[in-house]
Amino acid sequence: ATEYHLGLLKAKLARYRAQLLEPPTKSGGAGVGFDVQKSGDARVALIGFPSVGKSTLLSRVTHTASETAAYEFTTLTAIPGVIEYKGARIQLLDLPGIVEGASQGRGRGRQVVSTAKTADLILVMLDATKSEEQRRLLEIELDAVGIRLNKKKPDVVFKRKTTGGVSLTATVKLTKTDEKTIRTILASYKLHNCDVMIREDITTDEFIDVLIGTRKYIPCLYVYNKIDAISLETMDRLAHEDHTVVIGCEMDLNLDYLIDRIWDNLGLVKVYTKKRGAHPDLADPICMRKGSTIEDVCNGIHRSLATNFRYALVWLGKSSKFAPHTQKVGLGHLVQDEDVVSSACFNE
């Protein structure tokens, strides 16, 4: 009974919070956001409290100079830079420092966290000399605007319909919620005709996230700066935490490892193209998401290629079954990192 009532309260709280954070557009004029065009193969957003070293990190790992100073709120708008790594171009976005209550709009916080929603990876910058409370406060602010850090989207299929009532199916045993709670939450959102299929053991909060439908599930790295000012024991403890990297921007400590971790967490693969009778073009790879197919590679070159496609040849790479010999593949073939694909087998 307690879990049931908690579920109802969570559903109401989520609905009221959404109404507060996303008021109707007719109630006021348009807000001013950070108009930064998304470029490169991926976008990484830097989020943190003022004076934790975000601008210094941007200046160290990109060719962009972001103003730094010994006072807070030096950065007042979004500053983009580009990390060039293994032939890929990764946009790094230095966002203004946020304060507690940013999700309610304090200190332009709503613009900052809204811009973070467009990122493929979030770097939460933390000061290693301060308490762990800073990390918890940042997680609360991001969670309040619907950003779920290092979480996967719940395996739930939700479909609205016009008639037929509620059809609820669970393929696994639900230990963190129950059918009664789910049906009551659906009723509180005035969803009286829908199909719901639950394929994993989810919590009440995760089911509410599915209903709201605007949640963003973004990978995150917690980056502790200023490790040159803490003890070796503290640094070792921080470095062994999950999804954590320790760095020292002022002394260029561990920055190369941070870029390696950024690349790993973005989940990108590089695909090289090869013309008939020529060597592969290793200087300009096509960067794709893990799980991409030959069809995605075609669209990355030009959308007309997939329409006139006959077959492709994978010359080298982990996805080729016959390496070092070529393999003839179709549009559905999954590519892997550093595959060499022949572009001579597409119809002109």
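Preceding this paragraph is the structure being described.
None of these values were measured; they are calculated from a predicted model. (Residues numbered from 1 in each chain as written. Predicted model: local features only at pLDDT ≥ 70, side-chain atom pairs only at ≥ 80, totals over all residues. Heavy atoms only, no water.)

(A) Examining the overall build of the chain more closely. Per the secondary structure count, the chain includes 10 helices and 16 strands. Relative to its full complement of 348 residues, the chain shows a buried share of 44%. A separation of at least 24 residues holds for 65% of the contacts in the chain among residues at least 6 apart in sequence. Put simply, the chain shows about 18700 Å² of open surface, and 51% of that area lies on carbon and sulfur atoms. (Helix = DSSP H or I, 4+ residues; strand = E, 2+ residues; numbered from the N terminus. Buried < 20%, exposed > 50% of the residue type's maximum accessible area, 1.4 Å probe, protein only. Contact = heavy atoms within 4.5 Å. Areas by Shrake-Rupley, 256 points an atom, 1.4 Å probe, with all protein chains shown as cover.)

(B) View of the pattern of salt bridges. Scanning the model with the defined rule gives 19 salt bridges in all. A salt bridge links K226 to D127; the nearest nitrogen and oxygen atoms lie 3.2 Å apart. With K226 in the loop between β10 (220-225) and α7 (232-239) and D127 in strand β4 (residues 121-127), this pair connects stretches of sequence that are 99 residues apart. Judged by its relative accessible area of 2%, D127 falls in the buried class. We note a salt bridge from R237 to E241, for which the minimum N-O separation is 3.6 Å. Under the relative-accessibility criterion, R237 is labelled partly exposed at 44%. Through salt bridges with shared partners, a single network forms among R135, E139, R237 and E241. (Salt bridge = Lys/Arg side-chain N within 4 Å of Asp/Glu carboxyl O.)

(C) Spotlight on the nonpolar core. Membership of the largest hydrophobic core comes to 58 residues, with the highest contact counts inside it found for L57, I122 and L123. In this structure L123 touches V44, A45, L46, I47, L92, L221, V223 and I262, once residues within four positions along its chain are discounted. Within the second largest apolar cluster, 17 residues are counted, among which are L168, Y189, L191 and C194. (Core = buried A, V, L, I, M, F, W, Y, C linked by side-chain atoms within 4.5 Å.)

(D) Structural detail: the sheet that holds strand β8 (residues 194-198). Read across the sheet, three strands follow the order β6-β8-β7 without closing on themselves; strand pairing throughout is mixed. The strands lining the two open edges of the sheet, one partner per strand, are β6 (156-160) and β7 (166-170). Each adjacent strand pair in this sheet contributes to an overall mean axis angle of 5 degrees, direction not counted. The sheet contact formed by β7 and β8 spans five bridges and is parallel. For A170, the partnering residue across the bridge sits in β8 and is I198. Of the strands in this sheet, β6, β7 and β8 are in contact with helix α5 (residues 179-188), which crosses β7 at around 145 degrees. (Pairing = 2+ DSSP bridges. Axes fitted to C-alpha atoms, helices over the stretch in contact; angles between N-to-C directions.)

(E) Summary view of the side chain of D209. Residue position: D209 is located in helix α6 (residues 204-212). Once residues lying within four places of it in the same chain are set aside, the contact partners of D209 are R148, R215 and Y217.

(F) Molecular detail of the sheet that holds strand β13 (residues 286-289). If you trace the five strands from one edge of the open sheet to the other, you get β13-β12-β16-β14-β15, paired in mixed fashion. The open sheet has two edge strands with one neighbour each: β13 and β15 (327-329). Neighbour-to-neighbour, the strand axes of this sheet turn through a mean angle of 40 degrees, independent of strand direction. Looking at chain direction, strand β12 (residues 268-274) and strand β16 (residues 339-342) are connected through four bridges and run parallel. What sits directly across from Y272, in β16, is V340. Where helix α9 (residues 294-301) meets the sheet, it contacts β12, β13, β14 (312-316), β15 and β16, and its direction lies at approximately 135 degrees from that of β13.

(G) Quick look at the environment of T203. With respect to the element layout, T203 can be found in the loop between β8 and α6. Separated by 28 residues in sequence, T203 and T175 have C-alpha atoms that sit 8.3 Å apart.

(H) Quick peek at the packing of aromatic side chains. Counting across every chain of the model gives one aromatic pair. In this structure, K274 is placed above the aromatic ring of W315, and the distance from its NZ or CZ to the ring centre is 4.2 Å. For the cation-ring pair, K328 lies above Y311, with the distance from its terminal atom to the ring centre recorded as 4.2 Å. (Phe/Tyr/Trp six-rings, centres within 6.5 Å; stacked < 30°, edge-to-face > 60°. Lys NZ or Arg CZ within 6 Å of the ring centre and 35° of its normal.)

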